[in-house]
Amino acid sequence: MDPHNRSANLSEGPGLGGGGAVPGWGPSVRAPLSLVMAVISLSSIVLNSLAIAVVLRFQVLQQPLNYALLSLASADLGTAATGGVLSTVCTALGSFVLGRHSCVAEGFFMSFFGISALMSISMLAVERYVVICKPLGSLTVQKEHGVMGVMVIWAWSLLWSLPPLLGWGRYSLEGINASCGPDWADPSPTGRAYTASLFVFCFIFPLATIAFCYGNVLKAIRKVSKLGFALGNKVENRVVMMILLVIIAFLIAWTPYALCGIIVVIYPRIKINPLAATVPIYMAKSSGVYNPLIYFIMNKQFRVYLLKLFCFSKSSSTKLPQPIAINLLERKT
């Protein structure tokens, strides 16, 4: 069977730009796209594997506040190891050649790991809001809180990934027919209800949570700074820059994909060029690369133990300093 015909008949719906062979999609298009996805996938696998290995290797890093970071790295690793690798191969071959059931499986895992990553980022924001702004008084984040937070993250992801397997919504081909995901173009009332709910509860909700929490963290830092407890403009600027990077990275990675999806939901007859629809898909999957760069590699604490993992640090007594923003606010009390 011709792979292009097989991919065209694979799914009941057109998905995000998918649903048919792409005119003129020859090796000159497939090769660079496959190479880009290969670089994204390999980088994500290496960086997130290192992050997980360092946290698991050094007990001092296994703090409740780092559980959400471990959850994020695991979700990004799952995305790259399943959908990223599969997309690389299928893009090189010219279509999704593994059949309907494999497409549904990939769509499920991409949604499951993708939502888990988004909710992990949201949980990180909530934890820092609780620790720094102290809305719950003297409550500190304990091990049970960290474990419960991770359980909520993955349960929430499962809650929104399972419905297409049970008849509410469906998974289908996306972009240039080399990957699968939620069928945003499903014209049925139940399909449109599912994709609209997915947009609200798995994009708008975490985005609003991140904006609220980090907005209050920035206000707290500025308030303490005005009281004369700042550690210096350099430190304060570094904290602010880190928060801005988190928000900007989130928006760059997921906004194009979410907007394309909701546009298709609102205007189900709209035709998005498959190559154009592939760009937001790639941007979403690229989050697995810069998430570990922002949350791990740019973190001095993590870099110390990363060097120790490879025996580049001879000191065995290196102590883990507390986060800057926490120290800054503790001086207030």
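Residues numbered from 1 in each chain as written. Predicted model: local features only at pLDDT ≥ 70, side-chain atom pairs only at ≥ 80, totals over all residues. Heavy atoms only, no water.

Right, let's get into the packing of aromatic side chains. The relative placement of two aromatic rings is captured by the distance of their centres and the angle of their planes. If you walk through the whole model with that rule in mind, you get 18 aromatic pairs. Each ring, one from Trp156 and one from Phe205, has its centre 5.9 Å from the other, and the planes form 45°; the classification is tilted. With Trp156 in helix H5 (residues 143-161) and Phe205 in helix H7 (residues 189-226), this pair connects stretches of sequence that are 49 residues apart. When the centroid spacing of 6.3 Å and the interplanar angle of 40° are considered together, the rings of Trp160 and Trp168 count as tilted. Overall, Trp168 belongs to the partly exposed group, its relative accessible area being 30%. Aromatic ring contacts, followed pair by pair, group Trp156, Trp160, Trp168, Tyr194, Phe201 and Phe205 into a single cluster. (Phe/Tyr/Trp six-rings, centres within 6.5 Å; stacked < 30°, edge-to-face > 60°. Helix = DSSP H or I, 4+ residues; strand = E, 2+ residues; numbered from the N terminus. Buried < 20%, exposed > 50% of the residue type's maximum accessible area, 1.4 Å probe, protein only.)

When you line up the elements, Ile40 lands in helix H2 (residues 27-57). The class for Ile40 is buried, based on a relative accessible area of 14%. Separated by 44 residues in sequence, Ile40 and Gly84 place their C-alpha atoms 7.7 Å apart. Excluding anything up to four places from it in sequence, Ile40 contacts Tyr282, Lys285, Ser286 and Val289. (Contact = heavy atoms within 4.5 Å.)

Let's shift gears to the nonpolar core. Core analysis: the largest hydrophobic core is formed by 62 residues, its most contacted members being Tyr214, Tyr295 and Phe296. Of all the elements, helix H4 (residues 100-133) adds the most residues to this core, at 14 residues. Among residues more than four places away in sequence, those in contact with Tyr295 are Leu69, Leu72, Ile121, Leu124 and Val246. (Core = buried A, V, L, I, M, F, W, Y, C linked by side-chain atoms within 4.5 Å.)

This part covers H5. Between its first and last C-alpha, H5 extends 27 Å over 19 residues, near the 27 Å set by a 1.5 Å rise per residue. Regarding H5, the residues found buried are Gly146, Gly149, Ile153, Ser157, Trp160 and Ser161. In a view along the axis of H5, the buried residues occupy a sector of 115°, so they form one face of it. For H5, the exposed residues set more than 90 degrees away from the buried face come down to Lys143, Met148, Met151 and Leu159. (Expected span 1.5 Å × (residues − 1). Arc of directions from axis to C-beta.)

With that settled, the discussion passes to the side chain of Ser157. Structurally, the position occupied by Ser157 is in helix H5. Taking relative accessible area as the criterion, Ser157 reaches 0% and is therefore assigned buried. Ignoring any residue separated from it by four or fewer positions in sequence, one finds Ser157 in contact with Ser111, Phe112, Phe113, Ile115 and Ser116.

With that settled, the discussion passes to the state of the cysteines. Tallied over the entire structure, the rule returns one disulfide. Cys103 shares a disulfide with Cys180; S-S distance 2.0 Å. Around the S-S axis, the bridge from Cys103 to Cys180 shows a dihedral of about -115° and counts as left-handed. With Cys103 in helix H4 and Cys180 in strand E2 (residues 179-182), this pair connects stretches of sequence that are 77 residues apart. In this pair, the class of Cys103 matches that of Cys180, namely buried. With no disulfide of its own, Cys213 lies 8.2 Å from the sulfur of Cys133, the closest cysteine sulfur. (Disulfide = S-S within 2.5 Å.)

On to unusual backbone geometry. Working note: non-glycine residues mostly have negative phi, and peptide bonds are mostly trans. With a phi angle near 65°, Asn177 is a residue other than glycine that sits in the positive phi range. By the secondary structure assignment, Asn177 is in the loop between strand E1 (171-174) and E2. Given the relative accessible area of 1%, Asn177 is considered buried.

Under the definition given, this model contains two salt bridges. Notably, a salt bridge pairs Asp186 with Arg170, separated by 3.7 Å at the nearest N-O pair. With Asp186 in the loop between E2 and H7 and Arg170 in the loop between helix H6 (163-166) and E1, this residue pair connects regions lying 16 residues apart in the sequence. Using a relative accessible area of 6% as the deciding quantity, one classes Asp186 as buried. Residues joined by salt bridges that share partners form a network here, namely Arg170, Asp183 and Asp186. (Salt bridge = Lys/Arg side-chain N within 4 Å of Asp/Glu carboxyl O.)

Before going further, it helps to examine the confidence of the model for the protein chain. Residue-level pLDDT values for the protein chain average 81, and 81% of them are 70 or greater. Of all the helices and strands in the protein chain, helix H12 (residues 324-330) carries the lowest mean pLDDT, 37, while H6 carries the highest, 95. Low pLDDT, under 50, characterises residues 320-333; the predicted model gives this stretch 32 contacts beyond four residues in sequence or across chains. (pLDDT = per-residue confidence, 0-100.)

For the rest of this paragraph, the subject is the pairing of E1. Pairing analysis gives four bridges linking E1 to E2, with the strands arranged antiparallel. Looking at the pairing, Glu174 lines up with Ser179 of E2. Hairpin geometry of E1 and E2 is characterised by an intervening segment of four residues between the two adjacent antiparallel strands and by a positive phi of about 55° at Gly175. (Pairing = 2+ DSSP bridges.)

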